[in-house]
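Inside the fold
Chain by chain, the residues run as shown.
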There are 2 protein chains.
Amino acid sequence: MEDWDRRLRAHGYRITPQRQLVLSAVYTLRHGTPDEVLAEVQRHASGVNLSTIYRAIEVLEEVGLVTHSHIGHGAPTYHAIDSHTHIHLACDGCGTVESISADIMEPLVRSLRADKGYEVDVSHVAFHGRCRKCVETGNSGKH
Amino acid sequence: MEDWDRRLRAHGYRITPQRQLVLSAVYTLRHGTPDEVLAEVQRHASGVNLSTIYRAIEVLEEVGLVTHSHIGHGAPTYHAIDSHTHIHLACDGCGTVESISADIMEPLVRSLRADKGYEVDVSHVAFHGRCRKCVETGNSGKH
DNA sequence: GTATATGCAAAGGGTTTGCACGGTT
DNA sequence: AACCGTGCAAACCCTTTGCATATAC
């Protein structure tokens, strides 16, 4: 998160307090929905509006400082792009989300590239399923 | 799609024309959002309501006749559960979606099971990224 | 006949947009 | 000074819900 301002400028965007606040909120929360980002930002600057969060996230994502993935079936969660790309294991039984290294994706990414010419966006990957605990207790997460 | 009615009954649900229409619409469209399912159903029965589509899909999913996955960043798409489990490769550049056999997931599923005790819901898997064409033409899909 | 399912309309959550004002360059 | 970015409110899309009626069992 050193050259964040340079990245924005390089794409023709301006440096604003709101954009910096959103970026550091995304860093602080390791995973955050727009709502959660808003709450985190408002701890430091209460006047910031939700629509600003959305617009800031959009810009930060475009310049490559932030990504999102779809954990849970609802709102996307955003996270900072750092050296350690990770993927998410969401449990449909208890709702917990585990982050693991994206290394496990390597063979699959390679074979999709070779077979299909398809480039997987690894940072976007989220698996659904059931965690060990829910598998053992038979918790299906169904109503 | 032979024992669909038995499956419903086994779970205490009734057999209704709407549920049959929704199920066959999901079969016809190989991937369909609720809206698309509604349109397909209404080709045969114009009076059916959107809320009925949602409720029917929910029931069909619970009894194991239908699954969904999150292709695109918007509405989920539903597809019938058949013998050939497949996964989706969505292209963020041109928006196309390719279905491929889920066999490619086998090694990864096995290693998550062994390492983490985590059971991936394979039918739910959708990767985002870029198809061959968009990789070659540099189409990033960004506005 | 009784409980479930449907249609309709209204409410709800999340996200986007138009506009006037304020801040960055 | 010019333009981009923000706050606010309204609009929008997708999905869910309450209720009276219709239907499957």
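Residues numbered from 1 in each chain as written. Chains lettered and ligands numbered in written order. Predicted model: local features only at pLDDT ≥ 70, side-chain atom pairs only at ≥ 80, totals over all residues. Heavy atoms only, no water.

What about the protein's contact with DNA strand C?
Taken together, 23 residues lie around DNA strand C, and Arg14(A), Tyr54(A), Thr16(B), Gln18(B) and Thr52(B) are the ones closest in. Backbone atoms, meaning sugar and phosphate, make up 66% of the atoms of DNA strand C lying within 4 Å of the protein. Between DNA strand C and Arg14(B) there is a distance of 3.2 Å, counted from a sugar or linking oxygen to a side-chain nitrogen or oxygen. For DNA strand C, a phosphate oxygen lies 2.4 Å from a polar atom in the side chain of Thr52(B). Among the elements of the structure, α3 (34–42) and α4 (50–62) of chain A together with α2 (17–28) and α4 (50–62) of chain B are those that each provide at least two residues to the surface near DNA strand C. No other element matches α4(A), which puts four residues into the surface near DNA strand C. Taken together, the residues of the surface near DNA strand C break down into nine nonpolar, seven polar and seven charged. (Near = heavy atom within 4 Å. Polar contact = N/O pair within 3.5 Å; in protein donor to acceptor, adjacent residues only side chain to side chain. Helix = DSSP H or I, 4+ residues; strand = E, 2+ residues; numbered from the N terminus. Nonpolar A, V, L, I, M, F, W, Y, C, P; charged D, E, K, R; others polar.)

Points about the pattern of salt bridges
All names here are of chain B. Evaluated as defined, the whole model comprises eight salt bridges over all chains. Salt-bridge contacts for Arg-110 lead to Glu-106; the nearest nitrogen and oxygen are separated by 3.1 Å. With Arg-110 and Glu-106 both in helix α5 (residues 106–116) and four residues apart, this pair spans about one turn of that helix. We classify Glu-106 as partly exposed; its relative accessible area is 38%. (Salt bridge = Lys/Arg side-chain N within 4 Å of Asp/Glu carboxyl O. Buried < 20%, exposed > 50% of the residue type's maximum accessible area, 1.4 Å probe, protein only.)

Here's the deal with the protein's contact with DNA strand D
The full set close to DNA strand D counts 23 residues, and Thr16(A), Gln18(A), Arg19(A), Thr52(A) and Tyr54(B) are the nearest of them. Here, DNA strand D places atoms within 4 Å of the protein, and 70% of those atoms are sugar or phosphate. Interatomic distance of 3.3 Å between a backbone N/O atom of Asn49(A) and a phosphate oxygen of DNA strand D. Mapped onto the surface near DNA strand D, the elements with two or more residues apiece are α2 (17–28) and α4 of chain A together with α3 (34–42) and α4 of chain B. Here the surface near DNA strand D takes four residues from α4(B), the largest share from any one element.

Description of the packing of α2(A) against α3(A)
Each pair of packed helices gets described by two things: the angle between the helix axes and the distance between those axes. Residues and elements named next belong to chain A. It is the contact of α2 with α3, at a shortest axis distance of 9 Å, that shows an interaxial angle of 110°. Our classification of the angle between α2 and α3 gives roughly perpendicular. For the element pair α2 and α3, the recorded crossing hand is right-handed. Residues Leu-21, Val-22, Ala-25, Val-26 and Thr-28 of α2 lie in contact with α3, whose contacting residues are Val-37, Glu-40 and Val-41. A breakdown of the residues in the contact of α2 with α3 according to their chemical character gives six nonpolar, one polar and one charged. (Axes fitted to C-alpha atoms, helices over the stretch in contact; angles between N-to-C directions. Parallel < 35°, antiparallel > 145°, perpendicular 65-115°, else oblique. Left-handed = near helix turned anticlockwise from the far one by under 90°. Contact = heavy atoms within 4.5 Å.)

Re the domain arrangement of chain A
All names here are of chain A. On domain assignment, one finds that chain A holds domain 1 (4–80) and domain 2 (86–137). Each of domain 1 and domain 2 has a C-alpha centre, and the two are 24 Å apart. At the interface, 10 residues of domain 1 touch 10 residues of domain 2. Taken over both partners, the interface formed by domain 1 and domain 2 buries close to 790 Å², and the fraction arising from carbon and sulfur atoms is 58%. There are zero salt bridges connecting domain 1 and domain 2. (Domains from an automatic or database assignment. Buried area = accessible area lost by both parts, 1.4 Å probe.)

Description of the pairing of strand β3 (residues 86–91) of chain B
Look at any regular strand and the pattern is simple: side chains alternate between the two faces of the sheet. Residue and element names in this part refer to chain B. Within β3, six of the six residues are buried, leaving the element largely enclosed by the surrounding structure. Where β3 lies against strand β4 (residues 97–101), five bridges are found, and the strand directions are antiparallel. Within the sheet, the bridge partner assigned to Leu-89 lies in β4 and is Glu-98. (Pairing = 2+ DSSP bridges.)

Quick word on the relation of the copies chain A and chain B
Rotating chain A by 179° and moving it 0.0 Å along the rotation axis overlays it on chain B with an RMSD of 0.1 Å. In the structure described here, the two chain copies are related by an operation that fits a two-fold rotation axis. Looking at chain A, 97% of its interface residues are interface residues in chain B too, so the copies touch through the same face. (Least-squares fit on C-alpha atoms with pLDDT ≥ 70 in both.)

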